[in-house]
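Here are the chains, one letter per residue:
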Amino acid sequence: MANEFVSVFVVVLCAFVCPVLAALTPNRVVPETVFLLVAGMVLGPNVLGVVHADVAIGLLSDLGLGFLFLLAGYEIDTRELRGEGGRHGLLTWLATFAFALAIAIPVGLWRGNAPGGLAVAIMLTTTAFGTLIPILKERGLENTAVGKGVVEYGIWGELCPVIVMAVLLGTRAKWITVLLLALFAAVAVASVFVSKWLNRKGSPLARFVKKNSETNSQTSVRFVMVLLVGLVALSALFNLDIVLGAFAAGFALRAIIPKGDSSLEHKLNGIAYGFLVPLFFVASGMKIDPLGVVAEPLLLATFMAGLLLVRAIPIFVSASRRKDMQGTDPRVRASIALYCTTALPLIVAVTSVAMSSGALSASTGSALVAAGGLSVLVMPLLASVALHAIDADLPSAAHKIAQNPRHAIGILKQHHRMEREKRASSRHVLTKSESGERPPQ
C-alpha cells in the first residue's frame, strides 16, 4: 500500500511540474502532454523504475482516459455532424481507412502478421480529439474556422477507429461483437431518453439533483460519474474498449443538457485536468520502452510519414473541395489537416489490444506509442506554424537572411515581433468591428 501511494505521489508531482515546464518553453511550442509522456517514460519501469503501473495507477489511468473521452464527446454538437462538414468528415475518414488498409495490410501479409498490419492501419486513421480540445482552447481556436474544421474531421477520427477496433481486432466472432455494440448503443440511448424524460416531467429526482448541485452533495457531478462509470463498466463487461463507454457518456451528457452548464463543466474540468487526465498521460509514458524505440527507428519515422500521407493529405484535399471552405486560406486548411493528424490516446488503446492478442511485439508497440507521443508535439507545432504564416511575410524575411546571414537570429526575432503586432492589430480591428465601431480607414 505504501509503495502505491508513493507512485501516485510521484505521478501527481509530475502533473504539477509539467505545466510549469511547458510554460517555460518559447511560445509554449511543446505541449504539456509531451512533458507528461516523457516524465512517465523516464520515471517508469523501463528507465529509472521510480514508479510502476500497479493496480492503483492502472485504475486511475483508466478513469483519466474515461474523462478525456467524456469531455471530448460532450464538446460535440451532433447538429454539426449531420451537416455538410460532418458528412465530409465521415467520408474522408472512410477514404483514409481504405487508403491505410491498402498500405498496411500488404506489409503485414509480407511480414506474416496481417492482424498487426490491420492494427497499424487503424492507428494511421486516428485523431486525438480529446487531446486537441485543451490545445485548441489554449490557443484561442475553439470558435474559429480551424476549430470548427478540427471538430468536423477529428470527431470521426476518434469515434470510427474505436468501433473498427472493437469489431476487427477482437478475438470473438464478429457477429457477436456487432450484436454487443448494438446492445451497448441501445442502453446508452435509453439512458439519455430516461434522463431527459425525468427532467422534462419535473420529477422529484430531477428537482433534487438541480437543487443540490451547488451543495456538499454535488449531485450533478455525482450523476455524471454514474453515467460515465456505468457506461464504462458496461463496455468492460461486454469486453469492448472503455473508450467507447466514455465517449457514449459524453454524447449522452450533451444530449441531456444541450445548452451546456458552465458550472458543471468547470467542476468536471477540475476533476479531469486537475488530476485524472495528467495521470493517464504519465501512465501512458510508462509503457514506452526507449530501447524498443531505438531498436526500430525506421518504424518510428515511417509511421510519422504515414500519418501525414494517410490522414493529413486526404483531409486537406477534402477541405479544399468543400464549398464552405473554398474561400479560406489554404494554410487554414493545412492547419486543420495537421491538427487532425495528432494521434495518441487511441494509439495507446489499439497498441494494448494488439499486444495482448500477440499481433504486435513489445518493441513495436513501444515505437508506435512513442510515435503517437511525437505526433502530439510535431503536428500541433506544424499546424501553428502554418496558421501563423498567414500573417507572415516569409519571403521578405528569407531575402534579408540571404543578404545578411550573420544577422539571421536578429532578423527572425524582428520578423516574429512584427508578425505578433500584425496579428494583435487584426484582432483589435475585429473586436471594434464586432462592437459596432468603424475600423480606421
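Look above for the structure.
As the structure is a prediction and not an experimental result, all values here were calculated from the model.

Cut-offs and rules
- Residues numbered from 1 in each chain as written.
- Predicted model: local features only at pLDDT ≥ 70, side-chain atom pairs only at ≥ 80, totals over all residues.
- Heavy atoms only, no water.
- Helix = DSSP H or I, 4+ residues; strand = E, 2+ residues; numbered from the N terminus.
- Buried < 20%, exposed > 50% of the residue type's maximum accessible area, 1.4 Å probe, protein only.
- Contact = heavy atoms within 4.5 Å.
- Areas by Shrake-Rupley, 256 points an atom, 1.4 Å probe, with all protein chains shown as cover.
- Axes fitted to C-alpha atoms, helices over the stretch in contact; angles between N-to-C directions.
- Parallel < 35°, antiparallel > 145°, perpendicular 65-115°, else oblique.
- Left-handed = near helix turned anticlockwise from the far one by under 90°.
- Nonpolar A, V, L, I, M, F, W, Y, C, P; charged D, E, K, R; others polar.
- Polar contact = N/O pair within 3.5 Å; in protein donor to acceptor, adjacent residues only side chain to side chain.
- Phe/Tyr/Trp six-rings, centres within 6.5 Å; stacked < 30°, edge-to-face > 60°.
- Lys NZ or Arg CZ within 6 Å of the ring centre and 35° of its normal.
- Expected span 1.5 Å × (residues − 1).

Asks: How should the overall build of the protein be read in this particular structure?
Replies: Looking only at helices and strands, the protein has 20 helices and 0 strands in total. The burial tally for the protein puts 47% of its 441 residues in the buried class. Taking the contacts inside the protein whose residues are at least 6 apart along the sequence as the reference set, 78% of them involve residues at least 24 apart. As displayed, the protein has an accessible area near 21,700 Å², and 67% of this comes from carbon and sulfur atoms.

Asks: Help me out: how do you make sense of the packing of helix α2 (residues 32-43) against helix α13 (residues 262-286) in this one?
Replies: When two helices pack together, you describe them by how their axes are tilted relative to each other and by the distance separating the axes. Packing of α2 against α13 brings their axes to within 6 Å, and their N-to-C directions diverge by 45°. Between α2 and α13, the interaxial angle falls into the category oblique. The chirality of how α2 crosses α13 is right-handed. Where α2 abuts α13, its residues Thr33, Leu36, Leu37, Gly40 and Met41 lie against Pro278, Phe281, Val282, Ser284, Gly285 and Met286. Residue composition of the contact of α2 with α13, by class: 7 nonpolar, 4 polar and no charged.

Asks: Would you mind going over the environment of Val348 with me for this structure?
Replies: Structurally, Val348 can be placed in helix α17 (residues 345-356). Measuring from C-alpha to C-alpha, the distance between Val348 and Phe281 comes to 10.0 Å, with 67 residues separating the pair along the chain.

Asks: Sorry if this is basic, but what is going on with the packing of helix α1 (residues 2-24) against α2 here?
Replies: Between α1 and α2, whose axes approach to 9 Å, the crossing angle comes to 140°. When the interaxial angle is binned, α1 and α2 end up oblique. Seen from above, α1 lies across α2 with right-handed handedness. Residues Val10, Cys14, Ala15, Cys18, Pro19, Leu21 and Ala22 of α1 form the contact with α2, whose own contacting residues are Glu32, Phe35, Leu36, Ala39 and Leu43.

Asks: What should I look at first to understand the side chain of Ser366 in this one?
Replies: Along the chain, Ser366 turns up in helix α18 (residues 362-388). Separated by 3.5 Å, the side chain of Ser366 and the backbone oxygen of Lys287 make a polar contact. Setting aside chain neighbours within four positions, we find Ser366 in contact with Lys287, Ile288, Asp289 and Val293.

Asks: When you look at the packing of aromatic side chains in this model, what are you seeing that I'm missing?
Replies: Aromatic rings considered in pairs are described by the distance between their centres and by the relative angle of their planes. Per the counting criterion, the structure on display carries 4 aromatic pairs. Ring plane angle 10° and centroid distance 5.0 Å describe the contact between Trp93 and Phe97, whose orientation is recorded as stacked. One end of the pair is Trp93 and the other is Phe97, both in helix α5 (residues 84-110) and 4 residues apart, which spans about a single turn. Per residue, the accessibility class of Trp93 equals that of Phe97, and both read buried. A connected cluster of aromatic rings, assembled from ring pairs, spans Phe69, Phe247 and Phe251. When the ring centre of Tyr74 is taken as origin, the NZ or CZ atom of Arg254, which lies over that ring, is 4.1 Å away.

Asks: Before we go on, may I ask you to explain α1 in this structure?
Replies: The end-to-end C-alpha distance of α1, which contains 23 residues, comes to 33 Å, matching closely the 33 Å that a straight helix rising 1.5 Å per residue would cover. Turning to α1, its buried residues are Ser7, Val8, Val10, Val11, Cys14, Ala15, Cys18 and Ala22. The inward-facing, buried residues of α1 contact α2, α3 (55-74) and α13.

Asks: How should I be thinking about the environment of Val350 in this particular structure?
Replies: Relative to the assigned elements, Val350 resides in helix α17. For the pair Val350 and Ala166, spaced 184 residues apart in sequence, the C-alpha to C-alpha distance is 9.5 Å. If sequence neighbours within four positions are ignored, Val350 has contacts with Ala119, Ile122, Met123, Met165 and Leu169.

Asks: What exactly am I supposed to notice about helix α9 (residues 174-200) here?
Replies: For an α-helix, 3.6 residues make a turn, and residues three or four places apart therefore share a direction. The end-to-end C-alpha distance of α9 is 39 Å, a good match for the 39 Å that 27 residues give at a rise of 1.5 Å each. For α9, the full list of buried residues reads Thr177, Leu180, Leu181, Phe184, Ala188, Ser191, Val192 and Ser195. Packed against the buried residues of α9 are α8 (145-168), α11 (219-237) and α12 (242-256).

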